[in-house]
Amino acid sequence: MKGRLLPAQEGVLAEQLSADAGFFCRAGRLLEKGRSEWQDYEVWDTPAFGRLFRLDGCFMTSERDEFFYHENLIHVPGMAHAGLRKALIVGGGDGGSAEELLKYPGIEHIVIAELDEKVVEISRRYLDAVHHGSLDDPRVDIRIGDGMQYVMSDGPAAGGRYDLIVLDLTDPVGPAEALYSEDFFRASNALLADGGALSLHIGPPIFQPERVRELVQRLRRVFRFVRPYFLYVPLYGSLWGLATASNQLDPCALGSDEIERRLAERRIARLQHYNGAVHCAQFALPNHLRALLA
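I will try to describe carefully the structure that is included in this document. (Residues numbered from 1 in each chain as written. Predicted model: local features only at pLDDT ≥ 70, side-chain atom pairs only at ≥ 80, totals over all residues. Heavy atoms only, no water.)

## Things to note about the side chain of H81
And step 1. Mapped onto the fold, H81 is located in the loop between α1 (66–80) and β7 (86–91).
And step 2. H81 gets classed as buried once you look at its relative accessible area, which sits at 7%.
And step 3. In this structure the side chain of H81 is engaged in a polar contact, spanning 2.9 Å, whose partner is the backbone nitrogen of G83.
And step 4. Once you skip the residues sitting within four places of it in the chain, H81 turns out to touch D163, G195, G196, L249, R262 and R266. (Helix = DSSP H or I, 4+ residues; strand = E, 2+ residues; numbered from the N terminus. Buried < 20%, exposed > 50% of the residue type's maximum accessible area, 1.4 Å probe, protein only. Polar contact = N/O pair within 3.5 Å; in protein donor to acceptor, adjacent residues only side chain to side chain. Contact = heavy atoms within 4.5 Å.)

Here it is in structure tokens:
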């Protein structure tokens, strides 16, 4: 959804959101950079975001704002589900999604299918404020390898069925492009348990409207309930879209009071963004987004 890195400027980290707009922040101190087998990586200590992680010049996560993205990616479908026990995260090597899932009292097993082992290594070294130790929790099983292969072959062969599948991925270009295809959505759907859901990010509707529209259309060709929702993510410099898709689960059916009741009943605390009112408000689409997604 985000674009390529803008031309380097001294002391500035910048990224294009479209051909005509971008986002920047003060760089601060470089902690580490290099190239893995798959992509370029950087870790910075920045004035605005604290420790900040980038891949191929694109902002991925930071210790000060990760909760905007991870809390909403996980808890919007998680609160609608009767009781998460097993989850699959495709990507998610920073551990932020796993950390949110581990807040559920009934969670028993989380598989992280991460392509790039370097992402996990970097996260363990620098991003404890993102994963809070989740990468080393005994309930978390990290599988280094192709997420496509896991969903299409390894997961079904192992008899795995998941209450929630989370696509915590880079943008739909390069290594991740096939993981946003209709075929991959169908394979993910087949791997869901009864009442299960898929959760993913779909990008910035202001700067990449056609891509957001196309992803929602692909999901609608596979799932009965497709619920896009939107929030501002500071590190991404824009209004950002996420979506939950399921054949049975509809997070729009829950009111704010019921969300608050479930949060209390499940003793899910330490949330910085998500609550009952936010859950409902994010599905209230302004007219320009209704028209885009019609």
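We are not done yet, so read on.
## Brief notes about the pairing of strand β5 (residues 50–55)
And step 1. Within β5, five of the six residues are buried, which leaves the element mostly enclosed by the surrounding structure.
And step 2. Here six bridges tie strand β4 (residues 40–46) to β5, and the two strands are oriented antiparallel to one another. Across the sheet, E42 pairs through a bridge with R54, a residue of β5.
And step 3. Counting the residues between successive antiparallel strands, the hairpin from β4 to β5 contains three residues.
And step 4. Here β5 runs beside strand β6 (residues 58–62); their pairing, made up of four bridges, is antiparallel. Among the inter-strand pairings, L55 is bridged to a residue of β6, identified as C58.
And step 5. The turn joining β5 and β6, which pair antiparallel and follow one another in sequence, is formed by two residues; a positive phi near 50° is taken by D56. (Pairing = 2+ DSSP bridges.)

## Thoughts on the nonpolar core
And step 1. Counting residues in each nonpolar core, the largest one holds 47 residues, and the members touching the most others are L101 and I110.
And step 2. Counting residues per element, this core draws most heavily on α1, at eight residues.
And step 3. With residues up to four places along the chain from it excluded, the contact list for I110 reads A87, I89, A98, L101, L102, R139, V140 and D141.
And step 4. M148, V151, L179 and A243 belong to the second-largest nonpolar core, a separate cluster that totals 36 residues. (Core = buried A, V, L, I, M, F, W, Y, C linked by side-chain atoms within 4.5 Å.)

## Overview of helix α8 (residues 256–265)
And step 1. Within α8, burial applies to I259, R262 and L263. In an axial view of α8, the angular spread of the buried residues amounts to 100°, which keeps them on one side of the axis. Away from its buried face by more than 90 degrees, α8 exposes D257, A264 and E265.
And step 2. If you follow the buried residues of α8, they end up packed against α1 and α9 (276–281).
And step 3. Positive backbone phi, approximately 55°, marks R267, located one or two places after α8. (Arc of directions from axis to C-beta.)

## Some thoughts on the environment of A113
And step 1. Structurally, the position occupied by A113 is in strand β8 (residues 109–114).
And step 2. On the basis of relative accessibility, which here comes to 3%, the residue A113 falls in the buried class.
And step 3. Along the chain, A113 and L215 lie 102 residues apart, while their C-alpha atoms are 21 Å from each other.
And step 4. Among residues more than four places away in sequence, those in contact with A113 are L88, I89, V90, G91, R143, G147 and Y150.

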